[in-house]
Amino acid sequence: MAEGAGLQVVAVPAFADNYLWLVHDHDSRETAVVDPGDGAAVLAEADARGWTIDQVWNTHWHPDHTGGNGAVIAATGATLSAPAAEASRIPAIDVALKEGDTVRIGSHVGEVWEVPGHTLGHIALIFRGAGVAFVGDTMFAMGCGRLFEGTPEQMFASLQRLGRLPGGTLVYCAHEYTLANARFAAHAFPDDEAIAARVADVSANRQAGLATVPTTIAVEQATNPFLRAANAAEFAQLRMAKDRYS
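Note that this is a predicted model, so its numbers are computed, not measured. (Residues numbered from 1 in each chain as written. Predicted model: local features only at pLDDT ≥ 70, side-chain atom pairs only at ≥ 80, totals over all residues. Heavy atoms only, no water.)

**Section: the side chain of asparagine 18**
Okay, step 1: One can find asparagine 18 in strand E3 (residues 18-25).
Okay, step 2: Judged by its relative accessible area of 5%, asparagine 18 falls in the buried class.
Okay, step 3: There is a polar contact of 3.1 Å between the side chain of asparagine 18 and the side chain of aspartate 64.
Okay, step 4: If we ignore the near neighbours within four places in the chain, the residues touching asparagine 18 are Val12, Pro13, Asp64, His65, Ala174 and His175. (Helix = DSSP H or I, 4+ residues; strand = E, 2+ residues; numbered from the N terminus. Buried < 20%, exposed > 50% of the residue type's maximum accessible area, 1.4 Å probe, protein only. Polar contact = N/O pair within 3.5 Å; in protein donor to acceptor, adjacent residues only side chain to side chain. Contact = heavy atoms within 4.5 Å.)

**Comments concerning the pattern of salt bridges**
Okay, step 1: Summed over all chains, the structure comprises nine salt bridges.
Okay, step 2: Among the salt bridges present, the one from aspartate 101 reaches lysine 98, with a minimum N-O distance of 3.7 Å.
Okay, step 3: When its relative accessible area of 45% is taken as the criterion, lysine 98 is described as partly exposed.
Okay, step 4: When salt bridges that share partners are traced, they join Arg146, Arg239 and Asp243 into one network. (Salt bridge = Lys/Arg side-chain N within 4 Å of Asp/Glu carboxyl O.)

**Focus: the environment of serine 28**
Okay, step 1: For serine 28, the position within the fold is in the loop between E3 and strand E4 (31-34).
Okay, step 2: Taking the relative accessible area as the measure of exposure, serine 28 reaches 34% and is therefore partly exposed.
Okay, step 3: In the structure, serine 28 is positioned ten residues away from asparagine 18 in sequence and 28 Å away in space, judged by C-alpha atoms.

**Regarding the packing of aromatic side chains**
Okay, step 1: For the structure shown, the criterion picks out nine aromatic pairs.
Okay, step 2: Here tryptophan 21 and tyrosine 172 contribute two aromatic rings whose centre-to-centre distance is 4.8 Å and whose plane-to-plane angle is 75 degrees, an arrangement assigned as edge-to-face. With tryptophan 21 in strand E3 and tyrosine 172 in strand E14 (residues 170-173), this pair connects stretches of sequence that are 151 residues apart.
Okay, step 3: You can call tryptophan 21 buried: its relative accessible area is 3%.
Okay, step 4: We classify tyrosine 172 as buried; its relative accessible area is 1%.
Okay, step 5: Among the aromatic residues, those joined into a cluster by ring pairs are Tyr19, Trp21, Trp57, Phe127, Phe134 and Tyr172.
Okay, step 6: The ring centre of tryptophan 61 lies 3.6 Å from the NZ or CZ of arginine 89, which sits over that ring.
Okay, step 7: Over the aromatic face of tryptophan 113 sits the side chain of arginine 161, whose NZ or CZ is 4.1 Å from the ring centroid. (Phe/Tyr/Trp six-rings, centres within 6.5 Å; stacked < 30°, edge-to-face > 60°. Lys NZ or Arg CZ within 6 Å of the ring centre and 35° of its normal.)

**A closer look at the nonpolar core**
Okay, step 1: Within the largest apolar cluster, 45 residues are counted, with the highest numbers of intra-cluster contacts made by Val23, Trp57, Leu125, Phe127 and Phe134.
Okay, step 2: If you tally residues by element for this core, the top one is strand E10 (residues 123-127), at five residues.
Okay, step 3: Every residue in contact with tryptophan 57, bar those within four places of it in the chain, is listed here: Val23, Ala32, Val33, Val34, Asp35, Pro36, Ser81, Val103, Arg104, Ile105, Leu125 and Phe127.
Okay, step 4: Counting 17 residues, the second-largest nonpolar core is a separate cluster that includes Val12, Ala46, Ile53 and Trp61. (Core = buried A, V, L, I, M, F, W, Y, C linked by side-chain atoms within 4.5 Å.)

**What to know about the packing of helix H5 (residues 178-188) against helix H6 (residues 193-207)**
Okay, step 1: Where H5 contacts H6, the axes come no closer than 9 Å and their chain directions differ by 155 degrees. By the criterion of interaxial angle, the relationship of H5 to H6 is roughly antiparallel. Crossing of H5 over H6 shows left-handed handedness. Here Thr178, Leu179, Ala182, Ala185 and Ala186 of H5 lie close against H6, whose contacting residues are Ile195, Arg198, Val199, Val202, Ser203 and Arg206. (Axes fitted to C-alpha atoms, helices over the stretch in contact; angles between N-to-C directions. Parallel < 35°, antiparallel > 145°, perpendicular 65-115°, else oblique. Left-handed = near helix turned anticlockwise from the far one by under 90°.)

**Some words on the environment of tyrosine 177**
Okay, step 1: On the secondary structure map, tyrosine 177 appears in the loop between E14 and H5.
Okay, step 2: Apart from the residues within four sequence positions on either side, tyrosine 177 is in contact with Asp17 and Phe140.

**Quick notes on the pairing of E14**
In regular strands, side chains alternate between the two faces of the sheet.
Okay, step 1: Bridge count between strand E11 (residues 132-136) and E14: four bridges; the pairing is parallel. Each residue of the ladder has a partner; that of alanine 133, found in E14, is valine 171.
Okay, step 2: For E14 and strand E15 (residues 215-216), the ladder comprises two bridges, and the chain directions are antiparallel. Residue pairing for E15: leucine 170 is matched across the bridge by threonine 216. (Pairing = 2+ DSSP bridges.)

**Some remarks on the sheet that holds E15**
Hydrogen bonding along the main chain pairs the strands of a sheet, whether they run parallel or antiparallel.
Okay, step 1: Within the open sheet, the six strands sit side by side as E8-E9-E10-E11-E14-E15. Their pairing is mixed. Two strands in the sheet have a free side with no partner beyond their single neighbour: strand E8 (102-105) and E15.
Okay, step 2: Judged from the four bridges that link them, E8 and strand E9 (residues 108-114) form a sheet pairing that is antiparallel. Opposite valine 103, over in E9, you have glycine 110 as the bridge partner.

As structure tokens, then:
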């Protein structure tokens, strides 16, 4: 659980390594859920806290992010906001989101950024006032998403854009991939002290059963190998190396 200027964000673990995010505004008592792949899990967590889910926000169409939409909406009447560019893959969208749009919870306003790469229509939700960013599968702690649909040029631009957010911004990604990402980072940059220190920290946290997200933009700038790429070609080489790394 984390706090961001009046927003409470709660991780709901699901499947092997997903995080589904409940977002609660203290003042209005509104609640949203980001990428509810498992509807039962987020409904149970919200109920345990005495919250009712008012909104569903999807960052992209993959089933581990959207599979619980129907259950949540059926149980609560929540509205569904999702990428306009992926409307054919996400049924029953109420609000189709594109670059420059906003989402709101209480008095908090989130900017909609189009961040293609992992999928072509992927979006991120940036709450500057709260210092919070929901980035789906675009940026991970010490990593980034695979290029299932987009190009290296698109993902490089998306990551660079996210990387320009203020350093203290809390980054809520959708998977617990950090240990595997850390091992690759150490392989790619074997003499880097900041990466080595973070590998040790991540390893200790995972051995203790602790989550390694959210992360921050500053930490990612210091230790995420994909943010170090100077251009799209260099990024593509790193992404290919990560795909082949085991």
